[in-house]
Amino acid sequence: KGGRFASSDRIMLALAELCGCGKPADFSDSEQPSNATPSASASEQRRAARPHYHRGCLLQDDNRLEDAIRAYQTAISLDARYEDAYFNLGSALLAKGDLDAAAQACEMAIRLKPDYPAAYYNLGYIRQDQGRLTDAIRAFSRAVYYEPDDAEAWIHLGNVLRAKETPGEMQGAIDAYRKAVTVQPTNVTAHYNLGAGLQDIGDFDGAISSFMTTLELDEGNIDALYNLGLCYEEKEMFEEGLHCFEEAFRWDPTFAEANEAAEKMRQKLKN
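Reading the values: rules and limits
- Residues numbered from 1 in each chain as written.
- Predicted model: local features only at pLDDT ≥ 70, side-chain atom pairs only at ≥ 80, totals over all residues.
- Heavy atoms only, no water.
- Helix = DSSP H or I, 4+ residues; strand = E, 2+ residues; numbered from the N terminus.
- Contact = heavy atoms within 4.5 Å.
- Axes fitted to C-alpha atoms, helices over the stretch in contact; angles between N-to-C directions.
- Parallel < 35°, antiparallel > 145°, perpendicular 65-115°, else oblique.
- Left-handed = near helix turned anticlockwise from the far one by under 90°.
- pLDDT = per-residue confidence, 0-100.
- Nonpolar A, V, L, I, M, F, W, Y, C, P; charged D, E, K, R; others polar.
- Phe/Tyr/Trp six-rings, centres within 6.5 Å; stacked < 30°, edge-to-face > 60°.
- Buried < 20%, exposed > 50% of the residue type's maximum accessible area, 1.4 Å probe, protein only.
- Lys NZ or Arg CZ within 6 Å of the ring centre and 35° of its normal.
- Expected span 1.5 Å × (residues − 1).
- Salt bridge = Lys/Arg side-chain N within 4 Å of Asp/Glu carboxyl O.
- Polar contact = N/O pair within 3.5 Å; in protein donor to acceptor, adjacent residues only side chain to side chain.

This part covers the overall build of the protein chain. In terms of helices and strands, the protein chain carries 13 helices and 0 strands. Sequence-ordered secondary structure for the protein chain, helices as α and strands as β, is α-α-α-α-α-α-α-α-α-α-α-α-α. Excluding contacts between residues fewer than 6 apart, the proportion of contacts in the protein chain whose partners are at least 24 apart in sequence is 58%.

Below, the structure is given as structure tokens:
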């Protein structure tokens, strides 16, 4: 009786180099840079590639994905060890829906920079979307290893573990949600998903506490209110459950499940 499950999806875009670097060079779409010479030093290659990387960032920010992809590819052709260019190429390909190519770009970024948490995060996101849950768990686990204060990565790790639907993974999911709550106590999704996980294993008192915290942070969270009602029903606290279901239906008159659950509580209270 887990109810509807919240997910906190994102596509990360590394713009760190763009900040404070001034306006990137303005290339027209038809302009092609000269290729880096074999004798060019690493710093010279990076210097030649950087304007195209910056241009890709701006194009991607403007949702011009095809142009951004070409800009990142140009940067990589000039500097084959440009890990941020590979990473942003992967994020643009991910936004475009080319998951296999996006995964390859993320893996290349990781090969060049093994402690790249954002690349592990995006790789986990891709593997999750592909249904490769074990690979997604591995990637998100590395993301939180290198960036333990990333609540969103902990939430995604919890989501993938929960999707495995085994007792061990379920406990791992709850632990991940608890970690997300610890590092970001105001994260609504972390509290909600923690409640849903506890609800799944029958810890209704813990779930009630998490759903109530969710509602304190986001009083209009209809899913938390509905699942709170389900937990009260399990504890045979029918009046409290009825109130939750009635409120959920009042907030959303199209929420037929809440209306049906409210009628069920009314019948139980009559008996």
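Let us look at the packing of helix α3 (residues 83-96) against helix α5 (residues 117-129). The relative placement of two packed helices is expressed as an angle between their axes plus a distance between the axes. Between α3 and α5, whose axes approach to 10 Å, the crossing angle comes to 25°. Classified by the angle between their axes, α3 and α5 sit roughly parallel to one another. Helix-helix and strand crossings are classified by hand; for α3 and α5 the assignment is left-handed. Contact residues: Phe87, Ser91 and Leu94 in α3; Ala118, Ala119, Asn122, Tyr125 and Ile126 in α5.

This brings us to the confidence of the model for the protein chain. Predicted confidence across the protein chain gives a mean pLDDT of 87, with 86% of residues reaching 70 or more. For residues 1-36, every residue scores under 50 in pLDDT, and the model assigns this stretch 92 contacts once sequence neighbours within four places are set aside.

Following both chains from N to C, one finds α3 and helix α4 (residues 99-112) inclined at 160°, their axes separated by 8 Å at the closest point. The angle between α3 and α4 places the two elements in the roughly antiparallel class. As α3 runs across α4, the sense of the crossing is left-handed. Listed contacts from α4 to Glu83, Tyr86, Phe87, Leu89, Gly90, Leu93 and Leu94 of α3 are Leu99, Ala101, Ala102, Ala105, Met108, Ala109 and Leu112. Grouping the constituent residues of the contact of α3 with α4 by class yields 12 nonpolar, 1 polar and 1 charged.

What the rule picks out here adds up to 9 aromatic pairs. Between the aromatic rings of tyrosine 120 and tyrosine 146, the centroid separation amounts to 5.8 Å while the plane-to-plane angle is 20°, which identifies the pairing as stacked. Here tyrosine 146 lies in helix α6 (residues 133-146) and tyrosine 120 lies in helix α5, a separation of 26 residues in the sequence. Tyrosine 120 gets classed as buried once you look at its relative accessible area, which sits at 11%. An angle of 80° between the planes, with centres 5.0 Å apart, marks the rings of tyrosine 145 and tyrosine 146 as edge-to-face. Residue classification places tyrosine 145 among the exposed positions, given a relative accessible area of 56%. Three or more aromatic residues link up through ring pairs in this structure, and these residues are Tyr53, Tyr72 and Tyr82. The ring of tyrosine 116 carries lysine 113 above its face, with NZ or CZ at 4.7 Å from the centroid. Between the NZ or CZ atom of arginine 142 and the centre of the ring of tyrosine 145, over which it lies, the distance is 4.9 Å.

Its 14 residues place the ends of helix α12 (residues 238-251) 20 Å apart at the C-alpha level, agreeing with the 20 Å of an ideal helix rising 1.5 Å per residue. Those residues of α12 lying buried are Phe238, Gly241, Leu242, Cys244, Phe245, Glu247 and Ala248. Here the buried face of α12 lies against α11 (222-234) and α13 (256-270).

Before going further, it helps to spend a moment on the pattern of salt bridges. According to the stated counting rule, one finds 14 salt bridges in the structure shown. Taking the shortest distance from any N to any O, the salt bridge between aspartate 79 and arginine 46 comes out at 2.4 Å. Of this pair, aspartate 79 sits in the loop between α2 (65-78) and α3 while arginine 46 sits in helix α1 (residues 42-61); the two residues are 33 residues apart in sequence, bridging distant segments of the chain. Among the residues examined, aspartate 79 registers a relative accessible area of 3% and is labelled buried. Aspartate 200 is the salt-bridge partner of arginine 162, the closest N and O atoms lying 2.7 Å from each other. With a gap of 38 residues between them, arginine 162 in helix α7 (residues 151-164) and aspartate 200 in helix α9 (residues 188-200) connect regions that are remote in the sequence. Through salt bridges that share partners, Arg46, Asp79 and Glu83 make up one connected network.

Attention shifts here to the side chain of glutamate 83. Summarising the element assignment, glutamate 83 is placed in helix α3. Ignoring sequence-local partners within four residues, the contact set of glutamate 83 consists of Arg46, Ala109, Leu112, Lys113 and Tyr116.

What follows is about the environment of lysine 96. Locating lysine 96 in the fold gives a position in helix α3. Through-space distance from the C-alpha of lysine 96 to that of asparagine 63 is 9.7 Å; in sequence the pair is 33 residues apart. Not counting chain neighbours up to four residues away, the residues in contact with lysine 96 comprise Leu65, Glu66 and Ile69. Side-chain polar atoms of lysine 96 contact the side chain of glutamate 66, separated by 3.4 Å.

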